[in-house]
Amino acid sequence: MSPEPIPSPSGSPAPVRSSGRYSLWRLLAEGLRGQQGWRPAWRKPHPRPAYQVVIVGGGGHGLATAFYLAHEFGIRDVAVIERGPLGLGNVGRNTTIVRSNYFQPPNIRFYEYSLKLWEGLEHTLNFNAMVSQRGTLNLFHTEAQRDLFTRRANQMRLLGVDAVAVDRDEVRRLVPLADLDNGRYPVLGGFLQPRGGTVRHDAVAWGYARAASNLGVDIIEHCEVTGIRRDGGRVTGVETTRGFIGAETVCLAVAGSSSRLAAQAGLKLPIESHVLQAFVSEALKPVLDVVLTYGAGHFYVSQSDKGGLVFGGAIDGYNTYGQRGALPMAEEVTAAAVTLLPALARVKVLRQWGGVMDMSMDGSPIISHTPLAGLILNGGWCYGGFKAIPAGGMCTAHLIARDTPHPVAAHLDLERFAAGRTIDERGVGPFPYLH
Ligand SMILES: Cc1cc2nc3c(=O)[nH]c(=O)nc-3n(C[C@H](O)[C@H](O)[C@H](O)COP(=O)(O)OP(=O)(O)OC[C@H]3O[C@@H](n4cnc5c(N)ncnc54)[C@H](O)[C@@H]3O)c2cc1C
């Protein structure tokens, strides 16, 4: 079967070195001819000496940036440099929640743009990322919290984003497992974003990688960037474990390692690295069909299609690059879990892991030029970087291709910290561990 190109927005076909289009017909045809026609989802090229754009980090943001550079802006002389295999960073370690229920209007606009891109993503990529808009339900437990959530929901509605107030009866109907009347933190109600939900995280990495590779992007795995070379005030390329690779533009999309990579270029970022843990239970029959967030602690949970409960809480709260996490936070998360959903006390947790997070000084991300010409930063994602992958990739690609910020990401520049224009999403000040 001859592979079909991914259509470009202009309608003109893109040149293809393709793994082929996935469809029901292809599945049937391959079944009939002994599965002989499949090719690897993305190519494994050797690095070339130089590219127009080198993206460091093969996580969600790096791969999405590469894809949109090629697909939307026609820039295909691009390499994504990843130190390990694809998908083992935070893109494959998160709790898969997507939503746009933020408080600060510029953040609502940015995350809503991302949610809209999620809604068409599988079609755009020709890849099943299991986008599931099952709704995200945030519970409140005090009147003050209700007022705060109401303010947030009103901000969202003013910007045309879906937010629905639900009373206790509706919460009971949506989550029969929840104990609404526990003496300490009774549930008074909640806010539902019906379009929020989950997306299969590693499929996002695979889908973007496949589509970018099909458009000619080189994805170089097992290649660590060990230095950033500069000539005066301009970046000229990256030193790697597979040799020097020259570039007109270098984009850092390395999630929890942003400070370390920026330091290689002589830059100090307003970012700290922290660990965030996640947990998965044994598989259960369907018991939870929304994404549920507890308001009296930091606890969120959804049920995967395999049946496991996927849940997490807050960052551990100390600076680290260890992808582990410690027991006190595991205890806090499980305490919140059984307070809200007492039946979970009998459920076995199968797996636990940690991911290293860039926590910025205002809780909002950074998509920006840097003081070094040709060096672009995509980082500072805090808790929200998975849901932001489509918008983050699109806006970073826009910044690289057009040399001006995308309108929905103009507030995410690095200069805001020096200029006092911070986007303090939670209103807690310059304390990364509180965001
Ligand atoms: C436990 C947990 C739960 C989370 N839950 C959610 C959630 O439910 N919803 C949400 O929106 N967000 C969530 N997040 C946050 C989200 O996962 C991250 O913000 C986002 O994935 C980060 O962007 P990324 O995918 O590009 O990062 P990554 O996948 O980490 O990509 C960065 C890549 O850079 C590579 N790299 C680093 N240094 C180098 C180097 N020197 N050379 C080459 N490559 C390098 C790494 O190997 C890595 O693959 C969660 C995070 C964690 C840890």
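A. Just the packing of helix 2 (residues 60–73) against helix 6 (residues 201–214), in detail. It is at 9 Å that the axes of helix 2 and helix 6 come closest, and there the two elements cross at 30 degrees. Viewed along their axes, helix 2 and helix 6 adopt a mutual orientation that is roughly parallel. Judged by the sense of rotation from one axis to the other, the crossing of helix 2 with helix 6 is left-handed. Only Val204, Ala205, Tyr208, Ala209, Ala211 and Ala212 of helix 6 make contact with helix 2, whose side of the interface consists of Gly60, Leu63, Ala64, Ala66, Phe67 and Ala70.

B. Representation of the pairing of strand 9 (residues 225–231). Pairing between strand 9 and strand 10 (residues 234–240): six bridges, direction antiparallel. Directly across from Val225, in strand 10, lies its bridge partner Thr240.

C. How the structure looks around the sheet that holds strand 13 (residues 291–294). Spatially, 5-6-4-13-14-15-12-16 is the arrangement adopted by the eight strands of the open sheet, whose pairing is mixed. Looking at the sheet topology across the chains shown, the edges are occupied by strand 5 (164–166) and strand 16 (349–360). The average angle at which neighbouring strand axes cross in this sheet is 25 degrees, direction not considered. Bridging between strand 5 and strand 6 (residues 189–193) involves three bridges; their strand directions are antiparallel. Pairing of Val166 across the sheet is with Gly190, part of strand 6. Together, strand 4 (136–140), strand 5 and strand 6 form the strand contacts of helix 4 (residues 143–158), whose direction differs from that of strand 4 by roughly 145 degrees.

D. Spotlight on helix 6. With 14 residues, helix 6 should reach 20 Å at 1.5 Å per residue; the first-to-last C-alpha distance of 20 Å fits that figure. Within helix 6, burial applies to His201, Val204, Ala205, Trp206, Gly207, Tyr208, Ala209, Arg210, Ala211, Ala212, Ser213 and Asn214. Those residues of helix 6 that are buried lie in contact with helix 2, helix 3 (105–125), strand 8 (218–220) and helix 9 (389–402). Immediately downstream of helix 6, the backbone of Gly216 shows phi near 105 degrees, a positive value.

Cut-offs applied
Residues numbered from 1 in each chain as written. Predicted model: local features only at pLDDT ≥ 70, side-chain atom pairs only at ≥ 80, totals over all residues. Axes fitted to C-alpha atoms, helices over the stretch in contact; angles between N-to-C directions. Helix = DSSP H or I, 4+ residues; strand = E, 2+ residues; numbered from the N terminus. Parallel < 35°, antiparallel > 145°, perpendicular 65-115°, else oblique. Left-handed = near helix turned anticlockwise from the far one by under 90°. Contact = placed C-beta atoms within 7 Å. Pairing = 2+ DSSP bridges. Expected span 1.5 Å × (residues − 1). Buried ≥ 20, exposed ≤ 12 C-beta atoms within 10 Å, placed from the backbone.

These results come straight from atomic positions and should not be treated as a statement about function.
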